[in-house]
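Residue-level structure breakdown
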Amino acid sequence: MGHINDTLRALWTTLRTAFRPTSTVQFPAVVRPRGERYRVSFALPDDENGEMACIGCLTCERICPSQVIKVKPGVKRESPVTGKKRAYTDDFVIDLSACIQCELCVQVCNNDAIVMVREAEQPMFEREDLVLGFARLRKNATDRTRSWGHGTMLQESQEPAKVEKKAPAAKPAPAPAPAPAAASEPAKTEPAKTEPAKTEPAPEPAKEAAPAAVEPT
Amino acid sequence: MEMTRATLTMQSARRGRVDPHRSMRAYDADADLMLLHFGPQHPSTHGVFRMDLHLDGEIIVKATPYVGYLHRAVEKLCERLTYVQQTPVVDKNDYVSPMTNEQALTMAFEKLLGVEVPRRARWMRTLFAELQRIASHLLWLGTFALDLGGALGGGSTLFLHCFRERELILDLFEEVTGARFHYNTHLIGGNRHDLPAGFAAKVHSALAIIESRLAEYEVLSLDNGIFKKRSHGVGVLDGELALELGVTGPNLRASGVDHDLRRDAPYGAYDELAVNVVTAQGGDCFARTQVRFGEMRESIRLARAAIDGMPEGPICGHKPIRQPGQAKATSGQVYVGIETPRGELGTFVVGGGDTPTCPYRLKIRPPSLHALSALPYILPGATVSDAVAILGSLDPIMGEADR
Amino acid sequence: MSALGHGALYGAVLIAVMLSTVAVGIWFERKFAGRMQSRLGPTIVGPMGLLQPLADVVKLLQKEDIIPAGADRALFNLAPVLATIFSLGVAAVLPLSPHMIAADLDIGVVYMLAVGGLMVVPTFMAGWASNNKFALLGGMRAVAQSISYGVPLVLAVLVPVILSGSLSLAGIVRWQSEHHWFALWPVIPGLPAFALYFMAMLAEANRIPFDIPEAESELVAGVTTEYTGAKFTLFYLAEYVHTLVGSAIGAALFFGGWDGPFGPGLHWMVAKTLALFVVVYWVRWTLLRLRSDQLMELCWKWLTPIGVALVLIAAAWVQFAPQGAL
């Protein structure tokens, strides 16, 4: 008899679910919105002067664990915009088919020259078509929506707290714990310069109104 | 005592247990036993996994598991990658709970390099680990139901319900890290991504939904007569054998052994958040299900406590990743074990060697491999249907068993 | 037109109608299952996914026909054909409406049980001839299950036979339309007999929770592991038709068939059949499957004794019930 009761309850549960709204949508007619930090493809944006930010330092190529980035640095020459001499990059290729989307290339870029974007590339018929060339990467900077993370901001948010020089309500650090990472202030996350196409305001580490830090015990 | 094959055989015989190494010649030739290759292409082997089952009708007489079909030489690859490049690679070991993989690896590197992690980062890691535990157990429940009920039937209903709730957790992770599945959010010294504004509210609403649905899952599984029939007394793993084989995690706790690294060797925020360890007696599939349900509830509570008590502060205690070769170790060997949804995941790192920026040796102790090693002991005497249920209840992930 | 010609035409129309019902049934099952699993089901092929079954059949039919090495070719090729023939054969005695019965046999029940019971033969043929251990295991389980569950099936069907005193399906339905539906009165043995019939029908048609012969998670695809293309389509179809016909027989034996308020008609029979069909799917997409020995235990330790008891109660009722209550 217990089995009959169990069976009926199970049947009732599934029937109830049948009349709830579905949790799936018909793709591609309806596209689920992705989070602001979603990262799936790449772009090479401009810097604040309007020319390509990448200076060909090759850090991203060296850090990539899957070795999918190939950068060809160019000769240093005068910039047509600022007149100052700067480094350029001649070619930049990412093999998206082998990329593991770890964001390390974005993390290490001191110039915010490579960012990730939120829209996936179209599926292709040939594997070779998944290799993103220079033109595609430059186009993505204007065509696609940027993901939230870019190098300088990420690096700044990960800095262990140092004594803040211009904190608005700087409290003297209470007795520091022996650990080198003793927190005396919440880390600043506003990046120094503003990006031309920043999507959302810089995130705050869930801090409430009071900027005062709590010394971890 | 040197654990040779002969020793194990004698020990098993003394305990009256099945001898998994018994030669097939020892069986009666007239018994007409059938050899069935279970896998590697099979809907229920939880990844590529093969078992050679010797069957007497439907009863298994001898079972020999074969692993290695998913071996990807991760440990060798990690010898060629620098310390800061390794986190995204170990994500893919236990591909069902990547947060704990990353945590185990970075904790080992931190111990090797002598880096301390700030309090907020430890609490964030604990929050992520508990959310990941819920997600992993939900996936386990769904796939276990698939094993018992079939992809074209009741099993798939529970499977899709569990995944619907798992999506909530993956969405939370996407909010923080930008990736739904392989996050690369841990770095040596802390975390790479800080929690966005409004995260606490999202966590609470997701956990509330999951908690309410847990009751529905119980109706379709733990309280269901057919489920109870399929799992009571099936695949009994006794505590002593489990300890001998190195089985950890829910499989061990379901055999009555009260051992949980979160409480017994606390790391992260577990020294401040008390963990109620869930155990069960019986050691059968039903006990393992009970333990995992209990752990899901406990993880919901811990995740709530972690997000409510999240301290302020920096999220990293060491320098951010700027260059591939920035972390160097010339000597030292450390072992760090943490409690993942499958058991104790250990990382053993030896620093030094020719390139100080890469580890000399990285060894990962996968809990799934030890769980699979119990199969030759507990499968004989069960039927083929039970073999599927037992394999499912041990929750093996071949990616981590084979690396 | 001669009787033979009339029968052949009628049979052809009936088969065509049943296959289209199966097509709609496949669509409805996938939508219903989708909703129970909190997802949409087919939506793209045709409006609301209505052409999905057609797409499925076309896809299956155009696949390569593979016969494994070492397979017994004659049996391998014959099995799906026989399965289709036997499952469609039972439809000959379906009492669709007072004027629409393909073959109004006096021993319709016996015919139905006999031909339905023959379904075990092509299942085992497929299991044996495939030269595949998974298929063989599935085939063995299928034989054990089908033969065992034949007993409660017969016992459950005997209850309406005894209560109405007729072995003809049309006769049973006529009796019910004059008196009352057996599932409603007498409640004992009518309703338990229906429950028994339902479970035995699920087992005979290899549906979850009794689908051990094609346990997909254990035996890849059970007896149909090595079948591809058109032959697999025939097995797939045969299983659906078997379930549909089983639901129709259940509607006829226990729920009054064509009987209903505002006059008898085909629409009532269709409605009841489809209602039972939906319940079969509801059960399929909710419950887990029983292990083969638990299945056997259920059959022999529970259903068979209960079935025998129900037959005795039905006989006692007919003998001793006061005239008005009958």
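Residues numbered from 1 in each chain as written. Chains lettered and ligands numbered in written order. Predicted model: local features only at pLDDT ≥ 70, side-chain atom pairs only at ≥ 80, totals over all residues.

For the rest of this paragraph, the subject is the overall build of chain C. A count of helical and extended segments in chain C gives 12 helices and 2 strands. Taken over the C-alpha trace, chain C has a radius of gyration of 20 Å; the compact-globule value for 326 residues is 20 Å, and the two agree within 12%. A principal-axis box enclosing the C-alpha atoms of chain C has dimensions of 65 × 50 × 45 Å. Relative to its full complement of 326 residues, chain C shows a buried share of 51%. (Helix = DSSP H or I, 4+ residues; strand = E, 2+ residues; numbered from the N terminus. Rg over C-alpha atoms; globule rule 2.2 N^0.38 Å. Buried ≥ 20, exposed ≤ 12 C-beta atoms within 10 Å, placed from the backbone.)

Below, the discussion takes up helix 1 (residues 3-36) of chain C. Residues and elements named next belong to chain C. For helix 1, with 34 residues, the first-to-last C-alpha span of 47 Å sits near the 50 Å given by 1.5 Å per residue. Those residues of helix 1 that sit buried are Met-18, Val-22, Gly-25, Trp-27, Glu-29, Ala-33, Gly-34, Arg-35 and Met-36. Positive backbone phi, at 65°, marks Ser-38, one or two positions downstream of helix 1. (Expected span 1.5 Å × (residues − 1).)

Per-chain confidence: chain C averages 86 in pLDDT, with 96% of residues scoring 70 or above. Reported confidences for the modelled complex are a pTM of 0.85 and an ipTM of 0.84. (pLDDT = per-residue confidence, 0-100.)

All names here are of chain B. In this sheet, strand 3 (residues 59-66) lies alongside strand 2 (residues 50-56) in antiparallel orientation, the contact comprising 7 bridges. Residue Asp-52 lies in a different strand from strand 3, and its bridge partner there is Thr-64. Adjacent in sequence and paired antiparallel, strand 2 and strand 3 are bridged by 2 residues, among which Gly-57 carries a positive phi angle near 75°. (Pairing = 2+ DSSP bridges.)

Residues and elements named next belong to chain A. Strands sit in the order 2-5-7 across an open sheet of 3 strands; the sheet is antiparallel. This sheet does not close on itself; its edge strands, each paired only once, are strand 2 (69-73) and strand 7 (131-132). Relative to strand 5 (residues 89-95), strand 2 is paired through 5 bridges, and the arrangement is antiparallel. In the strand pairing of strand 5, Val-71 is matched with Phe-92. Contacting strand 5 and strand 7, helix 4 (residues 134-143) runs over the sheet at an angle of about 90° to strand 5. (Contact = placed C-beta atoms within 7 Å. Axes fitted to C-alpha atoms, helices over the stretch in contact; angles between N-to-C directions.)

Taken together, the contact pairs 47 residues of chain B with 49 residues of chain A. Listed by contribution, the elements that provide at least two residues to the side of chain B that touches chain A are helix 3 (87-90), helix 6 (154-177) and helix 7 (199-220) of chain B. Looking at the side of chain B that touches chain A residue by residue, the classes come out as 22 nonpolar, 14 polar and 11 charged. (Nonpolar A, V, L, I, M, F, W, Y, C, P; charged D, E, K, R; others polar.)

This paragraph deals with the packing of helix 1 of chain C against helix 2 (residues 52-61) of chain C. All names here are of chain C. Remark: helix 1 packs on helix 2, axes separated minimally by 8 Å, with the N-to-C direction vectors making an angle of 110°. Accordingly, the angle class assigned to the pair helix 1 and helix 2 is roughly perpendicular. Judged by the sense of rotation from one axis to the other, the crossing of helix 1 with helix 2 is right-handed. On helix 2, the residues that touch Ala-23, Ile-26, Trp-27 and Arg-30 of helix 1 are Gln-52, Pro-53, Leu-54 and Asp-56. Looking at the contact of helix 1 with helix 2, its residues break down into 5 nonpolar, 1 polar and 2 charged. (Parallel < 35°, antiparallel > 145°, perpendicular 65-115°, else oblique. Left-handed = near helix turned anticlockwise from the far one by under 90°.)

The next point concerns helix 12 (residues 292-320) of chain C. All names here are of chain C. Its 29 residues give helix 12 an end-to-end C-alpha distance of 40 Å, which sits within 8% of 42 Å, the value for a rise of 1.5 Å per residue. Most pronounced at Leu-303, the bend in helix 12 amounts to some 35°, and the proline Pro-305 follows within four residues. Buried within helix 12 are the following residues: Ser-292, Leu-295, Leu-298, Cys-299, Leu-303, Gly-307, Leu-310, Val-311 and Ala-314. (Bend = angle between axes of the 7 residues up to and from the residue.)

Here we take up the environment of Thr-123 of chain C. Residues and elements named next belong to chain C. Note on placement: Thr-123 falls in helix 5 (residues 120-129). Considering only alpha carbons, one finds Thr-123 and Thr-224, 101 residues apart in sequence, at a separation of 8.6 Å. With residues up to four places along the chain from it excluded, the contact list for Thr-123 reads Gly-139, Ala-142, Ser-146, Pro-213 and Val-223.

A regular strand places its side chains on the two faces of the sheet in alternate fashion. The pairing of strand 5 of chain A with strand 7 of chain A spans 2 bridges and is classified as antiparallel. Following the sheet pairing, Asp-95 of chain A is matched in strand 7 of chain A by Val-131 of chain A.

Tracing the sequence through the fold places Met-140 of chain C in helix 6 (residues 133-164). The sequence separation of Met-140 of chain C and Trp-128 of chain C amounts to 12 residues, and the corresponding C-alpha distance is 8.7 Å.

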